[in-house]
Amino acid sequence: MVKETILTGIRVNGELTLGNYLGALLPMVRLTNKYSAYAKANVFVPDLHAIITDIDGSLKANLLKSIKYYLAAGLVITPNVSIYRQSYIPAHSELTWILNCFANMGEVSRMIQYKEKGDGKDSANVGIFDYPILMAADILLYDAVYVPVGKDQFQHLELTRNLAERFNHRIGRDVFTLPVATAEQAKFMGVKDGICIRDLQNPEKKMSKSTAAENSKIMLSDAPEAAAKKIMSATTDNVSKVQFDMFNQPGISNLLQILAFIRNQPLSEVAAGWAGVTQYGEFKTAVAEEVKGFLIDFQARVAEISDEEVLSALENGEKKASKVAETKLYEVQRAVGLR
Ligand code: TRP
């Protein structure tokens, strides 16, 4: 049984799709709940990371909403769980500076996220470049070993390991705990290729909140009735079989996935229940009803959580996390001769 610290970053998102919810948020919440019974779990909002791109005054409200979504998805805050905002714990920024002095331009320049967003542009802000070092600080301050993230963040995790190893080597002792390698992280998360909910109109593509077509995506804030209509108008095929076959029937397979994940039932079981059905109308109605029911419940749960409740959980978590972070920072400061 895992005893090491688990650390999860909650991205501040304005709005989430049903795909983000079922594919990323819910698995993260389930994983955290499962392990926080035995291990320490840090759940935090990287708000300093958020200002790299979005400075429009919406951060505070979006941050509260993101946390409410996690709580409504079932995240349980126990004494083992600390929930906090990165910017409320100055040790994150301070450790970033120290780690900057151990990182080299070459390795950081090679990070894909930087290459895609900032490389070669004179106007790119330095924050985009330094992003992975701040992320390393987020992890190393708490001796976190399991850091469930999407594949797009694996490179940053490997950089974190390299920095920690280099630091320990130069100092001559293990100041930092290394998070496990990405292959092992993937195993810990228990996902092979992740769950991918598709675009309702173009099921070959992933459901994305940036898609202009409203009918293509379901947002967590959609009116439940409207969301049901979107399911009814989802693209299917003319095979006349309700079965899971992502290659030949991506639309029907996507709807089966949505049904299975909302019900938290194995896909094979859900698919077996529809075997032999040749009319899509009946099947789509069932999925539409399920999505509608889910949204009604979920939105009611979100509405029940007050801002005050979230803020008090954060303040509590920040007290606990600060202690751990400050102790580690002091050790690092001593190691490099600042103290
Ligand atoms: N970069 C992560 C993302 O985009 C968010 C994040 C910041 C994070 N710091 C982290 C995730 C530390 C895990 C650990 O999803």
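Above this note sits the structure.
So, here's what we can say about the structure. (Residues numbered from 1 in each chain as written. Predicted model: local features only at pLDDT ≥ 70, side-chain atom pairs only at ≥ 80, totals over all residues. Heavy atoms only, no water.)

What follows covers helix H3 (residues 59-72). The terminal C-alpha atoms of H3 lie 20 Å apart, and with 14 residues this matches the ideal 20 Å at 1.5 Å per residue to within 8%. Within the span of H3, buried status applies to Asn-62, Leu-63, Leu-64, Ser-66, Ile-67, Lys-68, Tyr-69, Tyr-70 and Ala-72. (Helix = DSSP H or I, 4+ residues; strand = E, 2+ residues; numbered from the N terminus. Expected span 1.5 Å × (residues − 1). Buried < 20%, exposed > 50% of the residue type's maximum accessible area, 1.4 Å probe, protein only.)

On to the pairing of strand E3 (residues 81-85). Within E3, 5 of the 5 residues are buried, which leaves the element mostly enclosed by the surrounding structure. Side chains of E3 alternate between two faces, with Val-81, Ile-83 and Arg-85 and Ser-82 and Tyr-84 buried alike. As paired elements, strand E2 (residues 41-45) and E3 share 5 bridges and run parallel to each other. Across the sheet, the residue bridging to Phe-44 is Tyr-84, located in E3. (Pairing = 2+ DSSP bridges.)

Let us now look at the sheet that holds E3. If you walk across this open sheet you meet the 3 strands as E1-E2-E3, and the pairing is parallel. Since the sheet does not close on itself, it has two edges, and those belong to strand E1 (6-9) and E3, each with one partner. Going across the sheet, the axis of each strand differs from the next one's by a mean of 15°, ignoring polarity. Looking at chain direction, E1 and E2 are connected through 4 bridges and run parallel. Within E2, the residue paired with Gly-9 across the bridge is Phe-44. (Axes fitted to C-alpha atoms, helices over the stretch in contact; angles between N-to-C directions.)

What surrounds the ligand is a group of 13 residues, the closest being Arg-11, His-49, Tyr-131, Asp-138 and Gln-153. Contact between the ligand and Arg-11: an oxygen atom at 2.9 Å from a side-chain N or O atom of the residue. Between the ligand and the protein, one listed contact pairs a nitrogen atom with a side-chain N or O atom of Tyr-131 at 2.6 Å. When the ligand sits alone it has 360 Å² of accessible area, and the protein chains cover 95% of it. (Near = heavy atom within 4 Å. Polar contact = N/O pair within 3.5 Å; in protein donor to acceptor, adjacent residues only side chain to side chain. Areas by Shrake-Rupley, 256 points an atom, 1.4 Å probe, with all protein chains shown as cover.)

What the rule picks out here adds up to 12 aromatic pairs. Between Phe-102 and Phe-167 the ring centres are 4.7 Å apart and the planes differ by 50°, which places this aromatic pair in the tilted class. On the criterion of sequence distance, the pair formed by Phe-102 in the loop between helix H4 (91-100) and helix H5 (105-109) and Phe-167 in helix H8 (residues 154-171) is long-range, its members being 65 residues apart. When its relative accessible area of 11% is taken as the criterion, Phe-102 is described as buried. A relative accessible area of 0% means that Phe-167 is categorised as buried. (Phe/Tyr/Trp six-rings, centres within 6.5 Å; stacked < 30°, edge-to-face > 60°.)

Where H8 meets helix H9 (residues 182-189), the axes come as close as 10 Å, and the angle between the chain directions of the two elements is 125°. As far as their axial angle goes, H9 and H8 are oblique. For the pair H8 and H9, contact is made by Phe-154, Leu-157 and Glu-158 and by Thr-182, Gln-185, Ala-186 and Met-189, respectively. In terms of residue class, the contact of H8 with H9 is built from 4 nonpolar, 2 polar and 1 charged. (Parallel < 35°, antiparallel > 145°, perpendicular 65-115°, else oblique. Contact = heavy atoms within 4.5 Å. Nonpolar A, V, L, I, M, F, W, Y, C, P; charged D, E, K, R; others polar.)

You can see Glu-304 is positioned in helix H13 (residues 280-304). Residues Glu-304 and Asp-222, 82 residues apart in the sequence, show an inter-C-alpha distance of 17 Å.

Here we take up the nonpolar core. Grouped together as the largest cluster of nonpolar side chains are 56 residues, with contacts concentrated most on Tyr-21, Ile-258, Phe-283 and Val-291. Broken down by element, the residue count for this core peaks at 9 residues, all from H13. In terms of domain composition, this core takes at least three residues from each of domain 1 (5-194 + 306-336) and domain 2 (214-302). Setting aside chain neighbours within four positions, we find Tyr-21 in contact with Leu-26, Pro-27, Ala-73, Leu-220, Phe-294 and Phe-298. Membership of the second largest hydrophobic core comes to 50 residues, among which are Tyr-35, Phe-129, Ala-144 and Phe-167. (Core = buried A, V, L, I, M, F, W, Y, C linked by side-chain atoms within 4.5 Å. Domains from an automatic or database assignment.)

What follows covers unusual backbone geometry. A positive phi angle, close to 60°, is found at Ser-240, a residue other than glycine. Along the chain, Ser-240 falls in the loop between helix H10 (224-232) and helix H11 (250-263). Given the relative accessible area of 34%, Ser-240 is considered partly exposed. You will see that Asn-264, though not glycine, has its phi angle at about 55°, which is positive.

Read these as layout, nothing more, since geometry by itself doesn't imply function.
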